[in-house]
Amino acid sequence: MSGITGLLAQSQQGDASAWGAIIERLYGDMRRLAHNARKLNINEAPDTTALVHECYLRMHQHGASGIQSRAHFFNVAASAMRQLLINHARDRVARKRGGGNVEYATLSECDNAADQQATDLLELDDIMRSALAGDERLIRVVELKVFAGLTDTEIAEAFDMSVRTAQRLWQEARDKLRAALTDQADTDQEPARLRQ
Amino acid sequence: MSKVRCLALLEPGALLGGALCHSAMNTLEPTKELAPNDMVGVYRIREEIGRGGMGIVYRADRADGEFEQSIALKWLPANLFDSARHEIFRRERQILAGLRHIGIAQLLDGGHSDDGHLWFAMELIDGLPLDQHCAVNQLPERERIELLMQLVAAVRFSHSHLLIHSDIKPRNVLVAADGQAKLLDFGVAVLASDINKAVGYSPGFASPEQISGAPIGVSSDIWQLGRMIETTLLAGREQSAALPQDLAAIVACACAPQPEQRYASAGELFEDLRCYLAYEPVRARGNNFYYKLLLFIRRHPWSVSASALSALTFILVVGTLLWRLTVQRAAAERERSIAVAVNRFLVDDFLPATDPNLVGSSDQKVSELAEAALPKIQERFAELPRVAGEVNLIFANTLYGLSRFDKAALALDRAIPQLRSTVGVADKLTVDAHILRAYTAQSTGDPDYAEKLLVPLRSEIVALEGENSPLLTMVDARIAANAALRNNYYLCVDLYSKLLPRIEHREDDFTAGVLGKFSECLTTIDRSEEALAFARRAHEIKVKIHGTNTTESMRMQYWIARPLLDLGGEKEREGVKILQEVLDWSTSHYGPESFMARNAISLLGNHLTCRGRPGEAMPWILRNKSIRAKSLAGDHPWMLTANLVHGQALTRLGKLSEADEMYSSIRTAIENGASHTAVIDLSLYRNLGELRLAQERYADAEAAYRTALEHAKIVFRENKHDGLAVVHIGLAIALFEQGNVDQARQELDLAATLMDGERPPKCWEALVERARRIQ
């Protein structure tokens, strides 16, 4: 294993085969992670942590030389998950724009919800890139929290910091995102206000 | 809006538990497509004939030279990597393979490719979807309803096999060339329903619970059938066309927003469609007097025209209608009727030929099916705890009959709280569930559990309904029977004697059962004449109800034979003859492995051994063991019991080393964790003592009897009992032979005070005879 971090870096630079290699490595565990998540009720937070742990242990046992520590693995898995979901959201949005009549096809009602989430996620991702730019720690915290489903305690562990610091970083990231979204929403509403 | 939604994605679990993540994971499993001439199993792909969210359908030919056959091959995304789901799939497919109905496209074959793609080979139907078929041929209403009834019958059949289609829509119902409507995509839908609840359904054909993501059950299929009826009846008509009032009512009832407002079963829906065609009142319209009058007149025009509405006719018509109204089921009984319907299909369709008298390898499948169905009961009747309770009880009954005691206990532990919370404690169903649970505990070697269950239940019923509750007779009968199962036959006789005056006047199955069991307890404590009288009375009742040469009457013959054997002489010969008859009858009706045949064989083996005819007993003992071995594990308590008798017969035949080996094997089984009762422990060491005496190993005999005594204390506690006396007698002989004459005499004196009656303990006459020499 040439190092999953390297593959991740390659794929971030647009190397599709690197992405494939990552997925191949994380595939089974990510599927289970997602399968577990989707079984949950909407009001319940998914217990993905256990799976992520297990996933790490498995990779570790297989001599995954690229993974240096559990914390490192959390970071890798969260990044991979983020990228996977963003890629998928892009595909969905593009396909939807492409249109197509699917009368009588067995379509999931979930499709509508997924399309909606795709649009929202892409927007959130844009905001993340601009609002959190330059602060790698904030980006990591959001990834671990949102894309890997880790708790504050586990994030603290992953970063080797106190739980309070982890909570503070998460709060800071969220405030920045909220502020950025509010700015954007205000700009969106400008034309309407002018018309009044 | 979008800001709020974006921020919501930051909430814990919002993204990972959401639809996008779900869909992303699904796309990780792309469906590999097949090309013409690709081989799947023995099938050669010809062309694609359709695709949907669930996979691609190809026309394919069987290409193994066996015979020519075109099939529809459904190729699914690869998503069955883990073995647990693979197992679900395998079992489902097995059930589906047995799902043969003229209205269901037959599943022919199935498997998975090396890369994990699942495939099904289905009967290929060349025809149009139901709605298009009706539109293209401009079928009249009646013919459309007949086609729809074929569809409803197919769905009813599948429900009777606990399978929910969950994707009934026009494209999944094709009309074959012979005019038969065929329901497709069964395997896929069933597979889907178990693996992934949120999987596809079709716009406009999704039930409210499917849309909300709630668990789906029979009622979801009913909803889809309602939509099918509407779509099919209106297909090809002008936009403004409306359904007749009755049909509109049927559709409305099937498509009611709340599952409990819909038809309880596909059978009810079928019945309403039939009524509509027969101009009978449809249930969906409710109890409307004028509506029924109108239909009555339409159905019997003669009653109106011939007598020109004479007063007499009018009274007849109205009278009939009033009578009909009174027999209509009240709304409050709705759930009960569901339970009845569900139970009927379970008993009639799902568990055919599962007579509890039948135990054998051929029933393995049924018990597997029943076991596999258990989790489904919880899921599919989640909204109907009472129905779930009843269904669990039925399955428990079947599983109990098939000796799957752990699973039966599991089902009952579910049924009991379900029934308690719905029909209450003081209900026959709840009481039945407790009683069967008590039996199950007995069969798994936990006799105390039964008592812990039944005694508090009795108090609860007394608190609720008083001492005169008819339910108490059931519980009391079971407590008495339980005493017998705990080998406390005096208590058993006591309890039955108290119960008997309450039911003596009755001539029903229950009473006959009580008399039979009472007779068993009386036989065991040597009151054989009384036992015989009660058994004959029980037989008489059974014959009155069921006739001669029936399962029920034969069962009573068995109880008659038991005291006859003990009465000796001519009566004993009559008893053996009756047992032989019972054996022949049950063998020819249920096979040699049936419950009753087994009992008769085992009784003959026991009896002959005890009567000092071990040589004659041996063939029966061996037969009994070989039958039990077919359905029971080697270390099952009943196997241990059979081996104990075998050891005793060997001892009495003088084959001492063989007997020794037999007992060793029992001891090894117990040491290795075989479930066993104190009675088995006691019998083992008591029998071992007998063997050691025969081997003239008196010190060892003493040790064996002393161990037996420890176990006897658990079995008999402080009570006097022949069984306890026998151990003391054996010990006395062992001591005497070692020269401990005084101690031996003490033991004998003690034994004399413990004996139940004047006669020597049954089966141990020879031992008693030997002890006499000490005095």
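Above: the structure in question.
What counts, and at which threshold
- Per-chain numbering applies: the sequence of each chain, read as written, is numbered from 1 onward.
- The lettering of chains begins at A and the numbering of ligands begins at 1, in the order of writing.
- Owing to the predicted nature of the model, reporting of local features is limited to residues with pLDDT of at least 70; listing and counting of side-chain atom pairs is limited to 80 or more, with chain, interface and lining totals taken over all residues.
- As a rule here, side-chain values come from all non-hydrogen atoms in the structure, and water together with hydrogens is ignored.
- Put simply, DSSP marks the helices as runs of H or I at least four residues long and the strands as runs of E at least two long, and each gets a number from the N terminus on.
- Exposure categories follow from relative accessible area, calculated using a 1.4 Å probe and restricted to protein chains: below 20% of the type maximum is buried, above 50% is exposed, and the middle band is partly exposed.
- A contact between two residues is defined here by any heavy atoms of the two lying within 4.5 Å.
- Accessible surface is estimated by sampling points in the Shrake-Rupley manner with a 1.4 Å probe; for residues, cover comes only from the protein chains shown.
- Pairs of cysteine sulfur atoms within 2.5 Å are identified as disulfides in what follows.
- When charges are tallied, Lys and Arg are placed among the positive residues and Asp and Glu among the negative ones, while His and the ends of the chain are skipped.
- The term salt bridge refers to a pairing of a side-chain nitrogen on Lys or Arg with a carboxyl oxygen on Asp or Glu at a separation within 4 Å.
- One fewer than the residue count of a helix, multiplied by 1.5 Å, yields its expected span.
- Bending is quantified residue by residue as the angle between axes fitted to the seven-residue window ending at that residue and the seven-residue window starting at it.
- A fitted line through C-alpha atoms serves as each axis, taken over the contacting stretch for helices, and the angle formed by two N-to-C directions is quoted from 0 to 180°.
- Each angle gets one of four labels, with under 35 degrees taken as roughly parallel, over 145 as roughly antiparallel, 65 to 115 as roughly perpendicular, and the rest as oblique.
- Definitions for this section: a left-handed crossing has its near helix turned counterclockwise from the far helix by less than a right angle. A right-handed crossing has that turn clockwise.
- We call Asp, Glu, Lys and Arg charged. Ala, Val, Leu, Ile, Met, Phe, Trp, Tyr, Cys and Pro are nonpolar, and the rest, Gly among them, are polar.

A. Inspection of the overall build of chain A at higher detail. Along the backbone of chain A there are eight helices and zero strands. Walking chain A from its N terminus toward its C terminus, one meets helices and strands in the order α-α-α-α-α-α-α-α. Residues counted as buried form 47% of the 196 residues belonging to chain A. Partitioning the intrachain contacts of chain A with sequence separation of at least 6 by distance along the chain shows that 61% fall at a separation of at least 24. Summing over all exposed atoms, chain A offers an accessible surface of approximately 10,300 Å²; the carbon and sulfur share of this is 48%.

B. Local environment of the overall build of chain B. When helices and strands are counted, chain B shows 34 helices and nine strands. When contacts within chain B are restricted to residue pairs at least 6 apart in sequence, long-range pairs at least 24 apart make up 62% of them.

C. Structural view of the state of the cysteines. Residues and elements named next belong to chain B. This model, assessed by the stated rule, comprises two disulfides over all chains. Residue pairing for cysteine 492: its cysteine sulfur links by disulfide to cysteine 521, the two sulfurs lying 1.8 Å apart. For the disulfide bridge between cysteine 492 and cysteine 521, the dihedral angle about the S-S bond is near 90°, and by the sign convention the bridge is right-handed. Of this pair, cysteine 492 sits in helix α21 (residues 489-503) while cysteine 521 is found in helix α22 (residues 509-524), placing the two residues 29 residues apart along the sequence. Each member of the pair, cysteine 492 as well as cysteine 521, carries the same accessibility label: buried. Across the disulfide from cysteine 610 sits cysteine 763; the S-S distance is 1.8 Å. Taking the sign of the torsion about the S-S bond as the criterion, the disulfide between cysteine 610 and cysteine 763, at about -80°, is left-handed.

D. Main features of the side chain of B:Lys625. Residues and elements named next belong to chain B. Of note, lysine 625 is situated in helix α27 (residues 614-631). An unpaired buried charge is present at lysine 625: no salt bridge exists, and glutamate 658, the closest side chain of opposite charge, is 9.4 Å distant. Among all residues touching lysine 625, those that are not within four sequence positions of it are Met639, Ala642, Asn643, His646 and Met662.

E. Seen up close, α21(B). All names here are of chain B. Taking 1.5 Å of rise per residue, the 15 residues of α21 would be expected to cover 21 Å, and the 20 Å separating its terminal C-alpha atoms lies within 8% of that figure. The largest bend in α21 amounts to roughly 25° and is located at serine 497, with the proline proline 501 lying one to four residues further along. At its buried positions, α21 is contacted by α20 (470-485), α22 and α23 (528-546).

F. How the structure looks around the packing of α21(B) against α22(B). Residue and element names in this part refer to chain B. Between α21 and α22, the shortest axis-to-axis distance is 9 Å and the interhelical angle comes to 150°. As judged from the angle between their axes, α21 and α22 are roughly antiparallel. Once α21 is placed against α22, the crossing between them reads as left-handed. Contacts between α21 and α22 involve Tyr489, Cys492, Val493, Tyr496, Ser497, Leu499, Leu500 and Ile503 from the former and Phe510, Thr511, Val514, Leu515, Lys517, Phe518, Cys521, Leu522 and Thr524 from the latter. Across the contact of α21 with α22, the residue classes break down as 13 nonpolar, three polar and one charged.

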